[in-house]
Amino acid sequence: MAVQLNGLWLPNHSIAGDFLQRRSAPPPTALAAASPLSSPATIQIVGGKTPGWYGNGNSSSGDLSDVYGGEDYWLDLDTDLYHWTKSLRPVQWYPGHIAKTEKELKEQLKLMDVVIEVRDARIPMSTSHPQMDSWLGNRRRILVLNREDMISAEDRNAWATYFSRQGTKVIFSNGQLGMGTLKLCRLAKALATGVNIKRRAKGLLPRPVRAGIVGYPNVGKSSLINRLLKRRMCPAAPRPGVTRELKWVRFGKDLELLDSPGIIPMRITDQSAAIKLAICDDIGERSYDVTDVAAILVQMLSKLPAVGKKAIYNRYKIDIDGHCGKTFVQKLALQLFNGDTNQAAFRVLMDFRKGKFGWVSLERPPR
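A. Fine view of the pattern of salt bridges. Counting across every chain of the model gives 15 salt bridges. A salt bridge links Lys303 to Asp80, with the nearest nitrogen and oxygen atoms 3.3 Å apart. You can see Lys303 sitting in helix α11 (residues 290-303) and its partner Asp80 sitting in helix α3 (residues 71-86), a full 223 residues away along the chain. By relative accessible area, which is 21% here, Lys303 ends up partly exposed. Given a relative accessible area of 2%, Asp80 falls into the buried group. Residue Arg315 pairs with Asp351 through a salt bridge whose shortest N-O separation is 3.0 Å. You can see Arg315 sitting in helix α12 (residues 308-316) and its partner Asp351 sitting in helix α14 (residues 341-353), a full 36 residues away along the chain. Among the charged side chains, a network of salt bridges with common partners joins Asp120, Arg122, Arg147 and Asp282.

B. Structural view of the environment of Ser128. Counting through the fold element by element, Ser128 comes out in the loop between β3 (114-120) and α5 (132-136). Residue classification places Ser128 among the buried residues on the basis of a relative accessible area of 9%. With 136 residues separating them in the primary sequence, Ser128 and Ile264 have C-alpha atoms 9.1 Å apart. One polar contact links Ser128 to Arg119, side chain to side chain, over a distance of 3.4 Å.

C. Fine view of the packing of helix α13 (residues 325-336) against α14. Packing of α13 against α14 brings their axes to within 8 Å, and their N-to-C directions diverge by 105°. One element, α13, and the other, α14, form an angle in the roughly perpendicular class. On α14, the residues touching Phe328, Val329, Gln330, Leu332, Ala333 and Leu336 of α13 are Thr341, Ala344, Ala345, Arg347 and Val348. In terms of residue class, the contact of α13 with α14 is made up of eight nonpolar, two polar and one charged.

The rules we used
Residues numbered from 1 in each chain as written. Predicted model: local features only at pLDDT ≥ 70, side-chain atom pairs only at ≥ 80, totals over all residues. Heavy atoms only, no water. Salt bridge = Lys/Arg side-chain N within 4 Å of Asp/Glu carboxyl O. Helix = DSSP H or I, 4+ residues; strand = E, 2+ residues; numbered from the N terminus. Buried < 20%, exposed > 50% of the residue type's maximum accessible area, 1.4 Å probe, protein only. Polar contact = N/O pair within 3.5 Å; in protein donor to acceptor, adjacent residues only side chain to side chain. Axes fitted to C-alpha atoms, helices over the stretch in contact; angles between N-to-C directions. Parallel < 35°, antiparallel > 145°, perpendicular 65-115°, else oblique. Contact = heavy atoms within 4.5 Å. Nonpolar A, V, L, I, M, F, W, Y, C, P; charged D, E, K, R; others polar.

Printed below as a string of structure tokens:
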């Protein structure tokens, strides 16, 4: 049986196999279900030996099974995360401006030639909106995995391979430094060349390509536009909910970009994904208990081969008792923050977000 300690579940791995047999498979993402595009996928694959989820960084990206680290390992981790979140208060966040944005965005989609969906490279599946596929229909789309600098080379190669096999055009970017933005601009124009060919055939003058940028809150949509334009045209800050209205901006004479507020489901049914959103700061802080989220992060990091208990101890000089994250946060609070667990939890979360444990992805491609 799973044992509950300080509000978090510590699963007994002897029941993991039985649980996994009963657990339904995760739903496919919107992009994975999309029809393959006519032209070959554009993929940025970065080499190197930076450690990631997959161990020492020497694995090949040619076969997804080589970089998964073993199916049993990933299933065990998914099982653990399911148990850890089961007893917690559900994470839900749906501010009023999102409902208005969603309605307006559906209308603007009719005007778009290309849709650029931005996701967090650390959690590409958790930042995939479950309704995106139905909203976009057959429109051409480009997937941008932003914050590529926050994951390892092995992580990038694994996701590039996965999306290539789905027929999805993917670009890895760093919105803060502008990496990948020009490539994104060229690809958006290339995918929409047929628009003006049809207009000329009808005797109409050519017009700029219209590309809409959509995605979850705080995944870097506005930062990408600002880097592309080389000036601050759209408000951007490292927190969810900064952009609150749709805004068209012009890039040169032949491209128009629509910046949109982050959109998120009204109700998040997958609480494992919700916790990852909280860890990566892709959801409002008021939606979750920071101590619970930090405790789960500690438990996840302690199980990752690229991090582990040793790296956590080296940073804080505190042992993790049986992977119990909440006990660890309490110890950290007593040692550094006069018993304030909220401050201790924020320290752990900020250390992860700043890469103090190394750059690692919190998800792996589904099989």
